[in-house]
There are 2 protein chains.
Amino acid sequence: MRITLIGSGNVATHLGAALKNAGHQIVQVWSRNLQNAALLAYHVKAEPIDRLDAIHADTDLIIISVKDDAVEDVASFINIKNVLVVHTSGAVSMQTLEKHFIDCGVFYPLQTFSKSQEIDFRSVPLCIESTDKNSTEILFELGRTISNQVTYIDSAQRKTLHLAAVFACNFPNYLYSIATKLLQEQQMDFSLIKPLILETALKVQEFLPEEVQTGPAIRGDEQTMAAHLSLLEQNPELQEIYRMLSQDIIKMAKSRSA
Amino acid sequence: MRITLIGSGNVATHLGAALKNAGHQIVQVWSRNLQNAALLAYHVKAEPIDRLDAIHADTDLIIISVKDDAVEDVASFINIKNVLVVHTSGAVSMQTLEKHFIDCGVFYPLQTFSKSQEIDFRSVPLCIESTDKNSTEILFELGRTISNQVTYIDSAQRKTLHLAAVFACNFPNYLYSIATKLLQEQQMDFSLIKPLILETALKVQEFLPEEVQTGPAIRGDEQTMAAHLSLLEQNPELQEIYRMLSQDIIKMAKSRSA
């Protein structure tokens, strides 16, 4: 396919590389900043542009991969109307594009991307949504050229999926940073618990998280929980997090055994 | 070394196998339940026993690997006094053993173990503590035969380490289970976010968690956070978790940029 990339951030970069590697042609890369456009365009052998009215009409797909709150704005400046247009956002509904385009959809890669971290795109689930059956088929076919897991997810589901991703990724990462600080305060290195973090994530690749819950809360070990809370005496915020999550784990244990 | 294993749970099982594979001799395996002792003893070619007064004196090391709150009780029934005795618990201080033995210490493998999940013991950090220099050396030497990461951690540090492990393992796993439920309620499969969970854990193997924090809270994306909270309207407990963790992430972002 001939593809136009709108955006040059983390998602656009990884997605552009994956599409290029799968044999598709990236015709143009747009960014507000021409230097950023040029950097990605160089890697995917495309033309860099910084004006949305410079987009060629002879493209098969326009992928808008910009910050969530910029999708609507960018869409309103794209004047090409006969081309399928998708965005890559987990949080933006398809309706946002329907106001501006006849054929549109969503092409949401459910993963956390950093430019510095390589990623095997084949293992990234792709969530597809579209206004009509024909476009859905095109997006599924395109998706399968770069990912092993392509799924139809409607806008309502995607909202929940995005929320679930916050619980599964952003919040755990924040808890990792709490662990880091606790260790540093006692002159211990974060690397001590890296294997534990990795194993915890590996376990749920095979088992349901509820089945492999461990720790003092699920065991109902009041003594250890009290000791932990007293260690956190100087830090009421962390105490609060500890107390709340432990209480909810205890409730989960009770409802499961009931 | 000639080693006596007290316990037949997850830690004893994985540790016993690793020690046996490294060429050590497991002489006896004790469990309150003779069948459990026999099962592990069979795997490590040891004698199963269910009475603590049946422990042979001709052993180099006794490893107490039972539930945290049983360590003291078990220790009080071991009558052999000239042998080095360690426990494997993150939460129990060394003092608990000092009441009963002259030579004692801690041999704490910092990992989450399940019997059903194989583990590469070489990547499990071993935390060593001991009453004297000679025993410390023996435990370090033993530790290095099964693990690539052997560290001296005193009882005060180990308390904090255990607490940090709750934040790095038990709590994230609980958040995974919340994500599972959110997805199930909208007819989506948990497998959709498994790659995201794994990538989040992989990222912090290379970067500090604070450096790779993503999501609406760190971006200060009020609109998305409000949308997420309204999705959780039927579930005040999850709203509370969402609100508290997001607020703390926002604070972290502010203190970092200040």
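These notes cover the structure that comes with them.

Calculation notes
- Every chain is numbered independently, its residues counted from 1 as its sequence is written.
- Starting at A for chains and at 1 for ligands, labels are handed out in the order in which the entities are written.
- With pLDDT at 70 or above as the cut-off, local features in this predicted model cover only qualifying residues; side-chain atom pairs require 80 or more to be listed or tallied, and sums for whole chains, interfaces and linings still use all residues.
- Values reported for side chains reflect all heavy atoms of the structure, with hydrogen atoms and water molecules removed beforehand.
- In this description, the term disulfide denotes a pair of cysteine sulfurs within 2.5 Å.
- Exposed residues in this analysis have more than 50% of their type's maximum accessible area, buried residues have under 20%, and partly exposed residues fall in between, with area computed by a 1.4 Å probe over protein chains only.
- Whether two strands pair comes down to DSSP finding at least two bridges between them.
- Helix and strand definitions here come from DSSP, where helices need a minimum of 4 consecutive H or I residues and strands a minimum of 2 consecutive E residues; each element is numbered from the N-terminal end.
- The axes used here are C-alpha line fits, helices contributing only the stretch in contact, and every angle between their N-to-C directions lies in the interval 0 to 180 degrees.
- Only heavy atoms matter for contacts: two residues are in contact if any of them lie within 4.5 Å across the pair.
- Summed over both partners, the accessible area (1.4 Å probe) lost when two parts come together is defined as the buried area.
- Any carboxyl oxygen of Asp or Glu within 4 Å of a side-chain nitrogen of Lys or Arg constitutes a salt bridge here.
- Here the nonpolar group is Ala, Val, Leu, Ile, Met, Phe, Trp, Tyr, Cys and Pro; Asp, Glu, Lys and Arg are the charged ones; every other residue, Gly included, is treated as polar.
- Expected span, for any helix, means 1.5 Å times one less than how many residues it has.
- Centre distance within 6.5 Å is the pairing criterion for rings of Phe, Tyr and Trp, where only the six-membered ring of Trp is used; planes under 30 degrees apart are then read as stacked, over 60 as edge-to-face, and the remainder as tilted.

**Here's the deal with the state of the cysteines**
Residues and elements named next belong to chain A.
- Scanning all chains against the criterion turns up zero disulfides over all chains.
- Of all cysteine sulfurs in the structure, the one in C127 sits closest to C104, which takes part in no disulfide; the separation is 17 Å.
- A residue is classified by how much of its surface remains accessible, and C104, at 0% relative accessible area, is buried.

**Quick look at the sheet that holds strand β8 (residues 150-152) of chain A**
Residue and element names in this part refer to chain A.
- Strand order in the open sheet formed by eight strands is β3-β2-β1-β4-β5-β6-β7-β8, and the pairing between neighbours is mixed. Across the chains shown, the open sheet's two edge strands, defined by having one partner strand only, are β3 (47-49) and β8. Strand-to-strand twist across the sheet, computed as the mean angle between neighbouring axes with direction ignored, equals 25°.
- Here three bridges tie strand β2 (residues 25-30) to β3, and the two strands are oriented parallel to one another. Paired with V29 across the strands is P48, a residue of β3.
- Strands in contact with helix α6 (residues 155-185) are β5 (84-87), β6 (104-109), β7 (126-130) and β8; relative to β6, the strand with the most contacts, it is inclined by about 25°.

**A closer look at the environment of I197 of chain B**
- With respect to the helices and strands, I197 of chain B occurs in helix α7 (residues 194-206).
- Along the sequence, I197 of chain B and P172 of chain B sit 25 residues apart, while their C-alpha atoms lie 9.6 Å from each other.
- For I197 of chain B, the contacting residues outside a window of four places in its chain are A168, A201, V204 and Q205 of chain A together with Y176 and F190 of chain B.

**Section: the interface of chain A and chain B**
- Taken together, the contact between chain A and chain B spans 89 residues of the former and 89 residues of the latter.
- A buried area of about 8500 Å², summed over both sides, lies between chain A and chain B, and 68% of it is on carbon and sulfur atoms.
- If you look at where chain A meets chain B, you find four salt bridges.
- Between D68 of chain B and R219 of chain A there is a salt bridge, and its shortest N-O distance comes to 3.9 Å.
- Elements supplying a minimum of two residues to the side of chain A that touches chain B: α6, α7 (194-206), α8 (216-219), α9 (222-231) and α10 (236-257) of chain A.
- Looking at side-chain class alone, the side of chain A that touches chain B contains 49 nonpolar, 26 polar and 14 charged residues.

**Observations regarding α10 of chain A**
- With 22 residues, α10 of chain A extends 31 Å between its outermost C-alpha atoms, agreeing within 8% with the 32 Å of an ideal straight helix rising 1.5 Å per residue.
- Among the residues of α10 of chain A, those classed as buried are L238, Q239, I241, Y242, M244, L245, S246, D248, I249, M252 and A253 of chain A.
- Where α10 of chain A is buried, its residues touch α6, α8 and α9 of chain A together with α6 (155-185) and α10 (236-257) of chain B.

**A closer look at the packing of aromatic side chains**
- One pass over the full model with this rule turns up eight aromatic pairs over all chains.
- Between F171 of chain A and Y242 of chain B, the aromatic rings sit 5.3 Å apart at their centres with planes inclined by 70°, giving edge-to-face as the arrangement. Taken together, the positions of F171 of chain A in helix α6 and Y242 of chain B in helix α10 put the pair across two chains.
- Since its relative accessible area comes to 1%, F171 of chain A is described here as buried.
- Here Y242 of chain B falls in the buried class, since its relative accessible area comes to 1%.

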